[in-house]
Amino acid sequence: MSEYALRVDPHRAGQGPETELRSLLLWLSEDEALRRDVRGRIRSAEPARVPVPALGTPMGSPGFDLLQLAVGSGLSTGSLVFAVLQWQASRRRPPALTVRRGPYEVTLTGDEAGDPEALHRIVAALENGSGEPDRDGDDDGTA
């Protein structure tokens, strides 16, 4: 099982980070090829500094800005990245997303969908922390 964290660029969030992340989570859960291998939840990236009852913020507040995904071993990084890029392409104003896996992160603007080399570098960076193919030179067909 792999874990990913996705954050929306708040300056390019369109309808707001929480709304955009809920849309992405719904997109992933409705994709027949992904739904069995992807579980997600939306939460705040920053821990609350005051007790929750004192905040009094509605569910649509900007406090929910992180999508955590747990991805089963049956789904490749390339498949997940491609699904996220498809979601971005479906948006009128696609938000930029930062995708983190362990200590490695990349930012997806949506423009990468039409560039196979960029897609390959993104997948390699998330899989093994570099923009290069796996050590054995095999790109494992994910891009």
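One can find the structure itself at the top, above this paragraph.
Residues numbered from 1 in each chain as written. Predicted model: local features only at pLDDT ≥ 70, side-chain atom pairs only at ≥ 80, totals over all residues. Heavy atoms only, no water.

**Let's talk about the pattern of salt bridges**
Using the criterion set out here, one finds four salt bridges in the structure. Among the salt bridges present, the one from Glu18 reaches Arg22, with a minimum N-O distance of 2.8 Å. A residue pair is termed a helical-turn pair when its members lie 3 or 4 positions apart in one helix, as Glu18 and Arg22 do in helix H1 (residues 17-30) at four residues. Linking Glu20 and Arg91 is a salt bridge whose minimum nitrogen-to-oxygen distance equals 2.7 Å. A residue pair is termed long-range when its members are at least 10 positions apart, and Glu20 in helix H1 and Arg91 in the loop between helix H3 (77-90) and strand E4 (97-101) qualify at 71 residues. (Salt bridge = Lys/Arg side-chain N within 4 Å of Asp/Glu carboxyl O. Helix = DSSP H or I, 4+ residues; strand = E, 2+ residues; numbered from the N terminus.)

**Topic: the side chain of Gln88**
By the secondary structure assignment, Gln88 is in helix H3. By relative accessible area, which is 0% here, Gln88 ends up buried. Those residues in contact with Gln88 that lie beyond four places of it in its chain are Pro94, Pro95, Ala96, Leu97, Leu108, Thr109 and Gly110. (Buried < 20%, exposed > 50% of the residue type's maximum accessible area, 1.4 Å probe, protein only. Contact = heavy atoms within 4.5 Å.)

**Concerning the packing of H3 against helix H4 (residues 116-128)**
Close contact between H3 and H4 brings their axes to 9 Å; oriented N to C, the two are set at 125 degrees. Here H3 is positioned oblique relative to H4, judged by the angle of their axes. Two packed elements cross with a definite hand, and for H3 against H4 that hand is right-handed. Side by side, H3 and H4 meet where Thr77, Gly78, Val81, Phe82 and Leu85 of the first sit next to Leu119, Ile122, Val123, Leu126 and Glu127 of the second. (Axes fitted to C-alpha atoms, helices over the stretch in contact; angles between N-to-C directions. Parallel < 35°, antiparallel > 145°, perpendicular 65-115°, else oblique. Left-handed = near helix turned anticlockwise from the far one by under 90°.)

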